[in-house]
Amino acid sequence: MSIKDKKVALITGINGQDGSYLAEFLIDKGYEVWGTVKRNSVAENQTARLDKIFDTIVDNLQYVDMTDLSSIVRIVQQSQPDEIYNLAAQSHVKVSFDQPIYTANTTGIGTLNLLEAVRLIKPDAKIYQASSSEMFGNNIDEDGYQRETTPMSPVSPYGCAKVFSYNICRNYRNSYDMFISNGILFNHESLRRGSNFVTNKVAKTAALIHKGLESELPLGNLHAARDWGHAKDYVEAMWLILQLPKPDDFVCATGVSHTVLDLVKHVFKKLNLDWKKYVTQDKKFLRPEELDVLKGDSTKLTKATGWTPKYTFEDMIDEMVDHWLKVL
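Just so we're clear, the structure is a prediction, and the values are computed from it rather than from any experiment.

Rules behind the numbers
Residues numbered from 1 in each chain as written. Predicted model: local features only at pLDDT ≥ 70, side-chain atom pairs only at ≥ 80, totals over all residues. Heavy atoms only, no water. Helix = DSSP H or I, 4+ residues; strand = E, 2+ residues; numbered from the N terminus. Rg over C-alpha atoms; globule rule 2.2 N^0.38 Å. Buried < 20%, exposed > 50% of the residue type's maximum accessible area, 1.4 Å probe, protein only. Contact = heavy atoms within 4.5 Å. Areas by Shrake-Rupley, 256 points an atom, 1.4 Å probe, with all protein chains shown as cover. Pairing = 2+ DSSP bridges. Axes fitted to C-alpha atoms, helices over the stretch in contact; angles between N-to-C directions. Parallel < 35°, antiparallel > 145°, perpendicular 65-115°, else oblique. Left-handed = near helix turned anticlockwise from the far one by under 90°. Nonpolar A, V, L, I, M, F, W, Y, C, P; charged D, E, K, R; others polar. Phe/Tyr/Trp six-rings, centres within 6.5 Å; stacked < 30°, edge-to-face > 60°.

### What about the overall build of the chain?
- What the chain contains, in helices and strands, is 11 helices and 13 strands.
- Against the compact-globule benchmark of 20 Å for 328 residues, the chain has a radius of gyration of 19 Å, which places it among compact chains.
- Within the chain, the fraction of its 328 residues that count as buried is 53%.
- Look at the contacts in the chain between residues 6 or more apart in sequence, and 79% of them connect residues 24 or more apart.
- Counting only carbon and sulfur atoms, one obtains 49% of the accessible surface of the chain, whose full area is about 14,600 Å².

Shown next as C-alpha cells:
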C-alpha cells in the first residue's frame, strides 16, 4: 500500500497515555499517523511514551497548542486527515481546581478551535472527541449506573470544560452535518499513566515501599469509587466508534466499580505488605467538591460495535505494579 492509499489519522495529544497506545494501534492497522505535542522546555521527556514508534512518526509530529488556532489550522492543512482523535487536554481533575481558567481554555475552547479548523479546511474528516465520565458528576441512575441519558452535573472545572466540549461537538454535528462522535470514557489506566494519578501513584509508591525506598503513601478520599479499565481496551473503542456509519455518543466503561481502598488493598496484598502501616490521609489530596461513585453502562457501545474490555481491574493493576518493580 502506498502512502497516498493509506488512511490518515491525526491524534491531538499523541504523547499522552491514550495517544501513544492509539498511535501504535492505528499504525498496526496500516494508518499514516500524525500527532500534536504541546511544547515542553524539557524536550527529552516529551515523547517517552512514543519510543516504540518514534522513528515511524517523527516527521509527522508537530508542536500544537489547543489554545492557538493557527497551529491547529497548520497541522490540519498539512495532514489532511481522514480521522481525527481529539485527546489533548489538561486532564488532571485536581489540577483543574488549581488552574481552572487554563483547563477551560485548553480542554473546552481548545475543542472548539479544532472543530472550527476542521469545518473550514477538512469538513469530511471524522472526529472522535474524548469526553469523560467526570461530566456526570454525582448523578447516577436508579440502577447504580451512568449511561448516555444520565444528566450531566460536573463537580470540577475539568468536568465542566468536558461538558462544553461534548455539547459543542453535538452542536457542530447537527449544524454542519459533520461526523463527530463523543466517547464518554470512564477512568482508564496503564503503566503509561502519569504517576500523579491515583492508580499509578499507589502502584509506584507501594513498589518503592516494598524496595525500602519509601515509608508512606499519602492519599485523599479512600472511599471514592471508580470504574477503572485499561487504556489499551479503550483506544480500540475509540477507533471502532469512528468506523460506524453514523456519528453518535457512547459510554465506554467496564461496568464494575472499585474504591481507592480496594485498589490499595489489592496492590499491598500483591506485595505482601500491610497497607495500614503505610497509608495516610492528606487533606491536600481531597477535592473541594468530591465525586463519589462512577460506574458506566456500555450496552449501547457493545451493541453497535461488539466492543468488550479484555483486561480485568486486577490484570491492569498487576501490570502496573510489575512495571514499577522492574523499573526500580
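### Some thoughts on the sheet that holds strand β5 (residues 126-132)
- Taken in spatial order, the seven strands make up an open sheet running β3-β2-β1-β4-β5-β6-β11, and their pairing is parallel. Every other strand in the sheet has two partners, leaving β3 (61-63) and β11 (249-252) as the edge strands with one partner each. Between one strand axis and the next, the sheet turns through 20° on average, direction left out of account.
- Packed onto the sheet, helix α8 (residues 231-243) meets β4 (83-86), β5, β6 (180-185) and β11 and runs at close to 140° relative to β4.

### Points about the packing of helix α9 (residues 260-270) against helix α11 (residues 313-327)
- At a minimum axis distance of 10 Å, the contact between α9 and α11 shows a crossing angle of 55°. In terms of their interaxial angle, α9 and α11 are classed as oblique. Here α9 runs over α11; the crossing is right-handed. Residues Leu-263, His-266, Val-267 and Lys-270 of α9 pack against Phe-313, Glu-314, Ile-317, Asp-318, Val-321 and Asp-322 of α11.
- Considering only residue class, the contact of α9 with α11 consists of five nonpolar, one polar and four charged.

### Some thoughts on the packing of aromatic side chains
- Scanning the model with the defined rule gives seven aromatic pairs in all.
- For the pair Phe-136 and Phe-186, a centre-to-centre distance of 6.1 Å together with 35° between the ring planes defines the contact as tilted. In this pair, Phe-136 sits in the loop between β5 and α6 (157-176) while Phe-186 sits in the loop between β6 and β7 (188-189), placing the two residues 50 residues apart along the sequence.
- In this structure Phe-136 comes out as buried when scored by relative accessible area, which is 0%.
- Assessed through its relative accessible area of 1%, Phe-186 is described here as buried.

### Digging into the packing of helix α5 (residues 100-121) against α6
- In the contact formed by α5 and α6, the axes pass within 8 Å of each other and the chain directions differ by 15°. By the angle class used here, α5 and α6 are roughly parallel. When the axes of α5 and α6 are compared, the crossing they make is right-handed. In this structure, α5 uses Pro-100, Thr-103, Ala-104, Thr-107, Gly-108, Ile-109, Thr-111, Leu-112, Leu-115, Glu-116 and Arg-119 to contact α6, whose residues at the interface are Pro-157, Tyr-158, Ala-161, Lys-162, Phe-164, Ser-165, Ile-168, Cys-169, Tyr-172 and Tyr-176.
- Tallied by class, residues from the contact of α5 with α6 come to 13 nonpolar, five polar and three charged.

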